[in-house]
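The lines below spell out each chain.
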Amino acid sequence: MTRATLIRLVAAMLVLTAVISVVMLQIDWNGVAGSTEADDVDTLLDVMIVLSAFVYSIVLVMLGYSIWRYRAKPGDESDGEPIHGNTRIEIAWTLIPTVIVLFGAAYSWFILDKIEAREADRLEVDVTAQQFAWHFEYPEENVTSTVLHVPVDRQAEFSLEALDVIHSFWVPEWRVKKDAVPGQPTSMVATPDREGNFELICTELCGVGHSTMRAPVIVESPEEFDKWIQDQGGKPGGGGAAAGGAENTLAAEGKQIFDAQGCSGCHTLKAAGATETIGPDLDEVLPGKDPDFIRTSIVDPDAELAPGFQQGIMPDNFGDALSPEELDTLVKFLSQSTQGEK
Ligand code: CUA
């Protein structure tokens, strides 16, 4: 190969790299970006796309050149020349990929380090995942919720816990995701920089209701967030004071336990505003049943199954997860809220 040919091949590779990169970078791979981490992650993806385009171009150009230059002439039945290696080419094809891979690794490391850095004024949110619901607790503000509220432009740290199997915390607009693993607390941070309604998606196959294991995410101004905390009976900015003076009726307490334990992730119950259909519709199956039946159905769900439902779907650990008082409250709540319905 002459020097002029080599220059032409390298030029072809660079032009092809540019063309492929321009086309690939037009595509909106990740959708709307809604956090400061998203910008870094998207830039990283763009750089990787250009690098991949370069590697792909080297392969394509050399393949095309070889097919054109070394094809067999018509009537040529002779064998090819025996070849004994080429030290310079071997060094090149070892060195170039090594440099590309090391660069990719170093750059990714740099980005990961940057987006995982904890800020001092971050909001703490404890996230509990279970089949098939999310539950959020704001320890500083003393609030629990099944909707994830976060203020805009403030870092939030999500401490993840799974009660049964592995789940995974993912808000696509924030880009970052992390698994929630039973018995092994993990945490991740995100700094939402776009207000609006988003969705938290479980992104680890966790059972029959995996695809419905979602929770609303509301990113709002700090003022709106503080107001929401107050409306929940919490204390904005932390301090941990309990809801003072608010009368906790059976309905409110029962609904709170119903949400917190994830019941609303699977069941329909008008009194709790729950509309899921993975498990039996409680407004249909509970009327006419006594409290003992309800209690048994919670702690030993396979003892008697509603028609059309299989055993082993509902977790059988609620007897351990609930305190005796919570179980009493939940049974009373379910009993009262369904016996009136006809
Ligand atoms: Cu939880 Cu998928």
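Residues numbered from 1 in each chain as written. Predicted model: local features only at pLDDT ≥ 70, side-chain atom pairs only at ≥ 80, totals over all residues. Heavy atoms only, no water.

### Overview of helix H2 (residues 36-69)
Between the first and last C-alpha of H2 there are 50 Å, a value that for 34 residues agrees with the 50 Å anticipated at 1.5 Å per step. Every buried residue of H2 is accounted for by Glu37, Ala38, Asp40, Asp42, Leu44, Ile49, Leu51, Ala53, Ser57, Val61 and Tyr65. Those residues of H2 that are buried are in contact with helix H1 (3-26), helix H3 (87-115) and strand E8 (186-190). (Helix = DSSP H or I, 4+ residues; strand = E, 2+ residues; numbered from the N terminus. Expected span 1.5 Å × (residues − 1). Buried < 20%, exposed > 50% of the residue type's maximum accessible area, 1.4 Å probe, protein only. Contact = heavy atoms within 4.5 Å.)

### Side note on the sheet that holds strand E5 (residues 156-162)
Pairing in this open sheet of five strands is mixed, and the strands run E3-E2-E1-E5-E8 from one edge to the other. Edge positions in the sheet fall to strand E3 (143-145) and E8, since each of these pairs with one other strand and no more. The average angle at which neighbouring strand axes cross in this sheet is 25°, direction not considered. Bridge analysis of strand E1 (residues 123-130) against E5 gives seven bridges, and the strand direction is parallel. (Pairing = 2+ DSSP bridges. Axes fitted to C-alpha atoms, helices over the stretch in contact; angles between N-to-C directions.)

### Details of the packing of aromatic side chains
Tallying each qualifying case throughout the model produces nine aromatic pairs. A ring pair is formed by tyrosine 65 and tryptophan 68, whose centres lie 6.2 Å apart and whose planes are at 50°; its orientation type is tilted. One end of the pair, tyrosine 65, and the other, tryptophan 68, are both in helix H2, three residues apart, so they sit about a helical turn from each other. When its relative accessible area of 10% is taken as the criterion, tyrosine 65 is described as buried. For the pair tyrosine 65 and tyrosine 70, a centre-to-centre distance of 6.2 Å together with 85° between the ring planes defines the contact as edge-to-face. Put simply, the rings of Trp134, Phe158, Phe169 and Trp174 touch in pairs and so form one group of aromatic residues. Directly above the ring of tryptophan 170 sits lysine 177, whose terminal nitrogen or CZ lies 4.6 Å from the centroid. The lysine or arginine in question, lysine 289, covers the ring of phenylalanine 293, its NZ or CZ lying 4.7 Å from the ring centre. (Phe/Tyr/Trp six-rings, centres within 6.5 Å; stacked < 30°, edge-to-face > 60°. Lys NZ or Arg CZ within 6 Å of the ring centre and 35° of its normal.)

### Structural notes on helix H4 (residues 222-231)
Along H4, the positions that sit buried rather than exposed are Phe225, Trp228 and Ile229. Here the buried residues of H4 occupy an arc of 100° about the axis, which is enough to place them on one side. Every exposed residue of H4 that faces more than 90 degrees away from the buried side is listed here: Glu223, Gln230 and Asp231. Each element contacted by the buried residues of H4 is listed here: E1, strand E2 (133-138), E3, strand E4 (148-151) and strand E10 (214-220). Positive phi shows up at glycine 233, right after H4, with a value of about 85°. (Arc of directions from axis to C-beta.)

### Considerations on the environment of isoleucine 49
Note that isoleucine 49 resides in helix H2. The spatial distance from the C-alpha of isoleucine 49 to the C-alpha of valine 22 is 9.9 Å, given a sequence separation of 27 residues.

### Quick word on the pattern of salt bridges
For the structure shown, the criterion picks out ten salt bridges. The partner of arginine 122 in a salt bridge is glutamate 157, and the shortest N-O contact between them spans 2.5 Å. On the criterion of sequence distance, the pair formed by arginine 122 in the loop between H3 and E1 and glutamate 157 in strand E5 is long-range, its members being 35 residues apart. Looking at arginine 122, the relative accessible area reads 24%, which means it is partly exposed. The salt bridge involving aspartate 231 is made with lysine 227; its shortest N-O contact spans 3.0 Å. Taken together, the positions of aspartate 231 and lysine 227, both in helix H4 and four residues apart, correspond to about one turn of that helix. (Salt bridge = Lys/Arg side-chain N within 4 Å of Asp/Glu carboxyl O.)

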